[in-house]
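Secondary and tertiary structure notes
Each chain, written out:
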Amino acid sequence: MSPGAPQEGALGEGESARDEVLQPQQEREAAGEQEEDDGVEVEEEEETPTHLPFAPSSELLDDVTTVDPSYTISLIRQLLPQGSIVAKEFSAKQGDPEEKGENSENGESAQLESKDPWEECGCILWDLAASKPQAELMMNNLVLEVLLANLHVTQSPRVKEICIGIMGNLACHESLVDAISMQNGLITTVVDQLFLDDSACLSETFRFLAAVLRSSASVSWAEALLPDEILSRVLWIVGNTLNSTLLEKSIEFLSTIIDNQDVTAILLQPLIKVGFVDHVISLLASEIEKISDESKFDRSASRDLIFHFMEELSATDICLEVMSSSDQLIQVLDKIIKLPDKFEVSSYCASVVMILANLLADGKHIVPSLSHDLPFLEGLFDILPLVCDDNQGRNALWCILARLLAQAQGIDMNSSSLKQFVSLLLGKFTLIKDDLESHRVDKVDLSAEDTYLKHGISTSVSFPVKYFASFFPRKT
């Protein structure tokens, strides 16, 4: 039914380990080892549910928007909790006699089975909500009231996931967000879902929150997230989840905060106050530790996501100030750059040098120690072929080299140190030559960025020439 592609890594319906997805930091290593042994957690993380949310797209099938309105309304009716106030309101609106809901007693869905009528109807509505005409029809027929009523009475994680998933698709339509946000009790109810321990529900909650924070109603939602208890809970989830889909959705949510200036003004400083930057750095350090540990399952996609997010943070002044004083972050970057085999981290290299370039611009105290570190310089040159097709990454790398080698030229070195520097740079001559030949730029076409890059390359190349010449005094 769903025209959208399934999300990779979400927990499937009927899985039994929902409450085990979030674990304290000290248990993560043990949990990772257990997953390799019994295969349960890994299998669950890769299994995909039958119905998953998707954002509205111009490529949606035409027949999604031509579904009979009475059919959509009948689906909403199937979700009515028995005996609820909204059930009476719905019957009055439709001009029908009051009907008993199809749910189990007290409005609860008991242990849901694969063909449970409530779940089937909910998943169809989840799909249909991605179509704007269908979403508008649902909004006009009390769908929010019905979903909220279910969230208030149910204890079923699957029911909660479907309710929030439908809301998430509704929130993808900008014209509906204001009405969604004004629904009595909805903001508080959605924010409360952050305190669940079910990965699928949390993934949908973060997806919904990211959508509304990108909308014109973002300020009211940002203000609802302000309490330290809520922000600390968000960071705890990011730092402790073993589920790749939840990690992806939570980081996308945090990225939305950084991208929206109005939201940034409200939430960024409070986030930093509760340890936002340090949490992300610790998460990155934890992921890097797993690269050389074959007993841990591969999370390369998660590492890629974290690096891109860290790069985004390094471009934010208030975050960069915290990052530049973090020894842990410098150690993580140092470890990656010095890896002898960079195949496993090749996709992160552009982000690594972008982060480092931003750090060196802000934290000039870092430059002296790095400029003396020959293995570190050698690692930087080894990254050059890996970022040659990424203009920003390549420019950042040459700027780093210019800063470090300019620092090295400004200090007195003994002959042994000079020979080591010259030997290193001459040994990387082929890498430098290949990079320059593949990026020829005519002088008339030089932009300001090209001019700055040319200065960085000149500084790097002049270093060995200058000191190599010092061993051969000019004859007079």
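Reading guide: rules and limits
Counting starts from 1 at the beginning of each chain's written sequence and moves along it residue by residue. With the structure being a predicted model, the display of local features is reserved for residues of pLDDT at least 70 and the display and counting of side-chain atom pairs for 80 or more, all residues being used for whole-chain, interface and lining totals. Note that water and hydrogens are dropped before the side-chain values are worked out from all heavy atoms of the structure. By convention in these notes, a salt bridge is any Lys or Arg side-chain nitrogen within 4 Å of a carboxyl oxygen on Asp or Glu. Secondary structure is summarised from DSSP: a helix means a run of H or I of at least four residues, a strand means a run of E of at least two, and numbering begins at the N terminus for each. The buried label goes to any residue with under 20% of its type's maximum accessible area, the exposed label to any with over 50%, and the partly exposed label to all in between, with areas taken from a 1.4 Å probe on protein chains only. By convention, a stacked pair of Phe, Tyr or Trp rings (six-membered ring in the case of Trp) has centres within 6.5 Å and planes under 30 degrees apart, an edge-to-face pair has planes over 60 apart, and any other such pair is tilted. Think of pLDDT as the predictor's per-residue confidence, scored from 0 to 100. Residue contacts are counted whenever heavy atoms from the two residues lie within 4.5 Å of one another. Each residue after the first adds 1.5 Å to the expected span of a helix. Bend angle per residue: angle between axes fitted to the 7 residues ending at that residue and the 7 residues starting there. Pairing of N or O atoms within 3.5 Å defines a polar contact, subject to two protein rules: one partner must be a possible hydrogen donor and the other a possible acceptor, and residues neighboring in sequence count only if both atoms are side-chain atoms. Nonpolar core, defined: a set of buried Ala, Val, Leu, Ile, Met, Phe, Trp, Tyr and Cys residues in which side-chain atoms within 4.5 Å join the residues together. Angles here are taken between N-to-C directions and fall from 0 to 180 degrees, while the axes themselves are lines fitted to C-alpha atoms, restricted in helices to the stretch in contact. For classification, angles of less than 35 degrees are called roughly parallel, those exceeding 145 degrees roughly antiparallel, those between 65 and 115 degrees roughly perpendicular, and all remaining angles oblique. When the near helix sits turned anticlockwise from the far one by under a right angle, the crossing is termed left-handed; a clockwise turn instead gives a right-handed crossing. In this count, Pro and Cys sit with the nonpolar residues alongside Ala, Val, Leu, Ile, Met, Phe, Trp and Tyr, while Asp, Glu, Lys and Arg are called charged and the others, Gly among them, polar.

**Some details on the pattern of salt bridges**
Counting across every chain of the model gives nine salt bridges. For Glu161, the salt bridge is made with Arg158, and the minimal N-O distance between the two is 3.0 Å. Taken together, the residues span about one helical turn, with Glu161 and Arg158 both in helix α8 (residues 157-170) at a distance of three residues. Comparing Glu161 with Arg158 shows no difference in burial state: the two are buried. Via salt bridges that share partners, Glu119, Arg158 and Glu161 belong to a single interconnected network.

**Re the packing of aromatic side chains**
Applying the stated criterion across every chain yields a total of four aromatic pairs. Ring centres of Phe307 and Tyr348 lie 5.1 Å apart, and the angle between their planes is 20°; on these two criteria the pair is classed as stacked. Of the two residues, Phe307 sits in helix α17 (residues 300-314) while Tyr348 sits in the loop between α19 (327-337) and α20 (349-362), which places them 41 residues apart along the sequence. Neither Phe307 nor Tyr348 differs from the other in exposure class; each is buried.

**A closer look at the environment of Arg394**
Note on placement: Arg394 falls in helix α23 (residues 391-409). Residue classification places Arg394 among the buried positions, given a relative accessible area of 5%. Put simply, Arg394 and Cys349 are 45 residues apart on the chain and 10.0 Å apart in space, counted from C-alpha to C-alpha.

**Side note on the confidence of the model for the protein chain**
On average, residues of the protein chain carry a pLDDT of 78, and 69% of them reach 70 or more. Per-residue pLDDT stays below 50 along residues 467-476; that stretch engages in nine contacts with residues further than four places along the chain or on separate chains.

**Some points on unusual backbone geometry**
The phi angle at Leu142 is positive, at roughly 65°, despite the residue not being glycine. Looking at the secondary structure, you find Leu142 in the loop between α6 (132-139) and α7 (143-153). Note on Leu142: relative accessible area 13%, which makes it buried.

**Looking at helix α15 (residues 261-273)**
Relative to the 18 Å expected for 13 residues at 1.5 Å per residue, α15 spans 18 Å between its end C-alpha atoms, a close match to the ideal helical length. Approximately 40° is the largest bend angle found in α15, and it occurs at Leu267, with the proline Pro270 only one to four residues beyond. Three or more residues of α15 are buried, namely Val263, Thr264, Ile266, Leu267, Leu268, Pro270, Leu271 and Ile272. Looking at the buried residues of α15, the elements they touch are α11 (199-213), α12 (218-224), α13 (228-240), α14 (244-259), α16 (276-289) and α18 (317-323). The distance from a side-chain oxygen at the start of α15 to the backbone nitrogen of Asp262 is 3.0 Å, and the residue carrying that oxygen is Asn260. Just past α15, the residue Gly275 takes up positive phi, approximately 95°.

**Points about the nonpolar core**
Counting residues in hydrophobic clusters, the biggest one holds 129 residues, and the most contacted among them are Leu170, Phe208, Trp221, Phe276 and Leu380. Of the residues forming this core, the biggest block, 10 residues, is contributed by α20. Among residues more than four places away in sequence, those in contact with Phe276 are Leu235, Leu254, Ile258, Leu268, Leu271, Phe309, Leu313 and Cys319.

**Observations concerning the packing of α16 against α19**
Interaxial distance between α16 and α19 falls to 10 Å at its minimum, and their mutual angle equals 30°. Between α16 and α19, the interaxial angle falls into the category roughly parallel. In the crossing of α16 with α19, the sense of the turn from one axis to the other is left-handed. In this structure, α16 uses Ile281, Ser282, Leu284, Ala285, Ile288 and Glu289 to contact α19, whose residues at the interface are Gln328, Leu329, Val332, Lys335 and Ile336. Its residues assigned to classes, the contact of α16 with α19 comprises seven nonpolar, two polar and two charged.

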